[in-house]
Amino acid sequence: MRAMVYRGPYKIRVEEKPMPRIEHPNDAIIRVTTAAICGSDLHLYHGMMPDTRIGHTFGHEFIGVVEEVGPSVQNLKRGDRVMVPFNVYCGSCYFCARGLYSNCHNVNPNATAVGGIYGYSHTTGGYDGGQAEFVRVPFADVGPAIIPDWMDSEDAVLLTDALATGYFGAQLGDIVEGDTVVVFGAGPVGLYAAKSAWLMGAGRVIVVDHLEYRLEKARTFAHAETFNFAAYDDIVVEMKRTTDWLGADVVIDAVGAEADGNFLQQVTGTKLKLQGGSPIALNWAIDAARKGGTVSVVGAYGPIFSAVKFGDALNKGLTLRMNQTPVKRQWPRLFSHIQNGFLKPNDIVTHRIPLEDIAEGYHLFSAKLDNCIKTLVIADPS
Amino acid sequence: MSTTPSTPYVANKPKDIPSPEALRARIPGWGADLDPKDRPSYPREVYDPAGTGAHWDYPEEQQSGREGRERSIEHGQLTPVFGTSAPLHGVSGRIRRYAYRYSEGRAAHWLILIGADRVDAWGAHLRSLVSLRPDNPVTETGVLAEGRLHGIASRLGKRRADVNHQWLDPVIVGGPWVVATAGAVLAARVVRRRARR
């Protein structure tokens, strides 16, 4: 089969790989129809995630058709169209039994701090991802769901991570009616988080980024006020000014490990890999929140230490909330919001590329060319 | 003359928040999830093992790839299911296995793994040079997209904050190749010089 493979930092290619096979009785093999490139895939692409091995196939956002099922699979059959949450999870461990699907303890031998994720290095379990023609999906009775007939395929693939994560990020903020919510990052997750903040009753939603075309999308798609941090000497002061010097009730870090805005943090975090990412957005979030406020973190960081301003977080009495998203918990409500017309996920898709062109797709997304916001990978053009 | 104090210096909440009616009229779905207790991730933990689709108390253990599978020493056992994407191999594999002697709490664990990643990449590049499909830094970096997808126009005059470090990317990609080539040339010269003596 054809699959994207990692060849080292900033280098990937498509090559022939052996077909995935049933390795566990509850496995399924999925023929991928559409995948996506996620902002967090760039951390792997840039060589920031420890234990990213040559030959690994990325891709944790994908949908497809069931090709084969293991002998114990009860809920899926060959030919079903399915959407697969980015979490690999067993459904029965201590954490899964409590709804913490992203923290499953039965799927990742390489680390206890993070659960299993498709195509996200051996640090998250060593599972190949969906930027390929076929992918192995463990625990087929637990994670995947049949795509409803009414659902657009592009909306389905966006539900496997980006939309669910943005919505989850807004929930972690514990937004109450009238709150002022600041979202750092106008990428897919930030746009969805801003949109979701309104559903939860926010009184003001402010999005901060440095890419003007993404801020334009935040204004039109997410009805948000916007600030380009590159236009201000100090974006934290600007956030204080615009909130009448109070600070925001809720701040969402939807950027994660590759935040811009401080050259030293960028170089030590993303170029030299001496931190688990450059925590610029997180530090801004801590400083932009009001005392007693909440900071929600859904931007992804690596497992190594990062230079985070915990002193300010302590002194301000902030609540810090974060996790990888337990995707499937979000789906029933998000399905309803899409059906009601409150959310139109694929409005943010800017590029659709064939699998064979994925190296250029990664560069496009990494270098932010051509007003790129979200890129879908069409594995099966039919 | 004293001005009205800003919000945090008095008890009242900010006054410039639009009314719910105004927001509902402007934002599709505003307030659909207004009740914090009626949101999918509230409460954080909901004990419902029967609701996940799992029909086992403990999953059957995957057999393929079990032998010698590396694991975190913070795990009490090898997990019943795991990925088999790229098993340990060669020099990088030995380095990685060494890294797994350290817990996730130790910087050594992660820094050694990152070192192993680089060794793995260099080994793969060298092996590719004697294969039918050598690595091609032009196609594999996707840099040709710069020409087709407005590389200059996407950056010029856009006040982008990432332009100040993007110049380092080619150094990161090409630097090791330049150093390795220079080293190989130097070594070849030394060998040739000694052979002439």
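Computed from a predicted model, the values in this text were never measured in an experiment.

A. Molecular detail of a positive patch on the surface. Residue and element names in this part refer to chain B. A cluster of like positive charges, contributed by R189, R192, R193, R194, R196 and R197, occupies part of the molecular surface. For R194, the position within the fold is in helix α7 (residues 168–196). Residue R194 is classed as exposed on the basis of its relative accessible area of 61%.

B. The arrangement of the sheet that holds strand β11 (residues 204–209) of chain A in detail. Residue and element names in this part refer to chain A. Taken in spatial order, the 6 strands line up as β12-β11-β10-β13-β14-β15 in an open sheet, and their pairing is parallel. Sheet topology places β12 (225–228) and β15 (319–322) at the edges, where each strand pairs with a single neighbour. Mean inter-strand twist for the sheet, computed between neighbouring axes without regard to direction, equals 20°. Bridge analysis of β11 against β12 gives 4 bridges, and the strand direction is parallel. For D209, the partnering residue across the bridge sits in β12 and is N228. Taken strand by strand, helix α3 (residues 162–172) contacts β13 (248–253), β14 (289–297) and β15, and its axis lies near 155° from that of β14. Sitting on the sheet, helix α6 (residues 235–242) touches β10 (180–184), β11, β12 and β14, and the angle it makes with β11 is about 165°.

C. Here's a closer look at the interface of chain B and chain A. Between chain B and chain A, the contact holds 105 residues from the first and 110 residues from the second. When chain B packs against chain A, close to 8,900 Å² is buried across both sides, 54% of that on carbon and sulfur atoms. Among the residues chain B hides against chain A, the three largest losses belong to P40(B), W110(B) and E140(B). Together they make up 7% of the total. Between R7(A) and D135(B) there is a salt bridge; the shortest N-O distance is 2.8 Å. Summed over the shared surface of chain B and chain A, the result is 76 residue pairs in polar contact (both at pLDDT 80 or more). For the side of chain B that touches chain A, the secondary-structure elements that each account for two or more residues are α1 (20–26), α3 (107–129), α4 (137–140), α5 (145–148), α6 (163–166) and α7 of chain B.

D. Up close: the layout of surface pockets. Of the pockets and cavities examined, the second largest pocket occupies roughly 530 Å³. Taken together, 32 residues form the lining of the second largest pocket, with K17(A), G55(A), D128(A), T84(B) and S85(B) sitting closest to its centre. Elements that contribute at least two residues to the lining of the second largest pocket include exactly β1 (2–8), β2 (11–16) and β8 (134–137) of chain A together with α3 of chain B. Partitioned by chemical class, the residues of the lining of the second largest pocket number 13 nonpolar, 9 polar and 10 charged.

E. View of unusual backbone geometry. For the bond running from Y42(B) to P43(B), omega is -15°, close enough to zero to count as cis. On the secondary structure map, P43(B) appears in the loop between α1 and α2 (90–99). Despite not being glycine, S121(A) shows a phi value in the positive range, around 80°. Take S121(A): it is sitting in the loop between β7 (116–117) and β8. Taking the relative accessible area as the measure of exposure, S121(A) reaches 0% and is therefore buried. Phi at D174(A) takes a positive value of approximately 50°, unusual for a residue other than glycine.

F. How the structure looks around the packing of α3(A) against helix α10 (residues 327–339) of chain A. All names here are of chain A. With their axes 10 Å apart at the nearest point, α3 and α10 run at an angle of 95° to one another. By the angle between their axes, α3 is roughly perpendicular relative to α10. Within the contact between the two elements, α3 uses L163, A164, Y167, F168 and Q171 and α10 uses V327, Q330, R333, L334, H337 and I338. Each residue belonging to the contact of α3 with α10 can be placed in one class, and the counts come to 7 nonpolar, 3 polar and 1 charged.

G. Summary view of the confidence of the model for chain B. Of all residues in chain B, 99% attain a pLDDT of 70 or more, and the chain-wide mean is 94. Predicted complex metrics record ipTM = 0.96 and pTM = 0.96.

H. View of the UniProt feature "domain: Alcohol dehydrogenase-like N-terminal" (unreviewed entry) in chain A. In the numbering adopted here, UniProt assigns the feature "domain: Alcohol dehydrogenase-like N-terminal" (unreviewed entry) to residues 25–143 of chain A. For the annotated span residues 25–143 of chain A, helix accounts for 4% and strand for 26% of the residues, and the straight-line distance between the end C-alpha atoms is 15 Å.

I. Region of the structure containing the domain arrangement of chain A. Residue and element names in this part refer to chain A. Under the domain assignment used here, chain A contains domain 1 (2–161 + 326–378) and domain 2 (166–322). Taking only C-alpha atoms into account, the centre of domain 1 sits 25 Å from that of domain 2. Facing the 28 residues of domain 1 at the interface are 23 residues of domain 2. Together, the buried faces of domain 1 and domain 2 total about 2,200 Å²; carbon and sulfur atoms form 68% of this surface. Looking only at domain 1, the three residues that lose the most surface to domain 2 are M48, I348 and I373, adding up to 27% of its buried area. Remark: the boundary between domain 1 and domain 2 carries 0 salt bridges. Across the domain 1-domain 2 interface, the total number found is 8 residue pairs in polar contact (both at pLDDT 80 or more). At the level of elements, α1 (41–45) and α10 are the ones that each hand at least two residues to the side of domain 1 that touches domain 2. Grouping the constituent residues of the side of domain 1 that touches domain 2 by class yields 15 nonpolar, 8 polar and 5 charged.

Reading the values: the criteria
- Residues numbered from 1 in each chain as written.
- Chains lettered and ligands numbered in written order.
- Predicted model: local features only at pLDDT ≥ 70, side-chain atom pairs only at ≥ 80, totals over all residues.
- Heavy atoms only, no water.
- Patch = residues over 30% accessible without salt bridge, like charges linked within 9 Å, V, L, I, M, F, W, Y side chains within 5 Å.
- Areas by Shrake-Rupley, 256 points an atom, 1.4 Å probe, with all protein chains shown as cover.
- Salt bridge = Lys/Arg side-chain N within 4 Å of Asp/Glu carboxyl O.
- Lys, Arg positive; Asp, Glu negative; His and termini not counted.
- Charge placed at Lys NZ, Arg CZ, Asp CG, Glu CD.
- Helix = DSSP H or I, 4+ residues; strand = E, 2+ residues; numbered from the N terminus.
- Buried < 20%, exposed > 50% of the residue type's maximum accessible area, 1.4 Å probe, protein only.
- Pairing = 2+ DSSP bridges.
- Axes fitted to C-alpha atoms, helices over the stretch in contact; angles between N-to-C directions.
- Contact = heavy atoms within 4.5 Å.
- Buried area = accessible area lost by both parts, 1.4 Å probe.
- Polar contact = N/O pair within 3.5 Å; in protein donor to acceptor, adjacent residues only side chain to side chain.
- 1 Å grid on protein atoms, 1.4 Å probe; cavity = no way out; pocket = protein on both sides within 12 Å on 5 of 7 lines; lining within 4 Å.
- Points joined across faces, edges and corners; volume = space filled by probe spheres on them.
- Nonpolar A, V, L, I, M, F, W, Y, C, P; charged D, E, K, R; others polar.
- Parallel < 35°, antiparallel > 145°, perpendicular 65-115°, else oblique.
- pLDDT = per-residue confidence, 0-100.
- UniProt positions renumbered as here; feature names shortened; annotations may be inferred.
- Domains from an automatic or database assignment.

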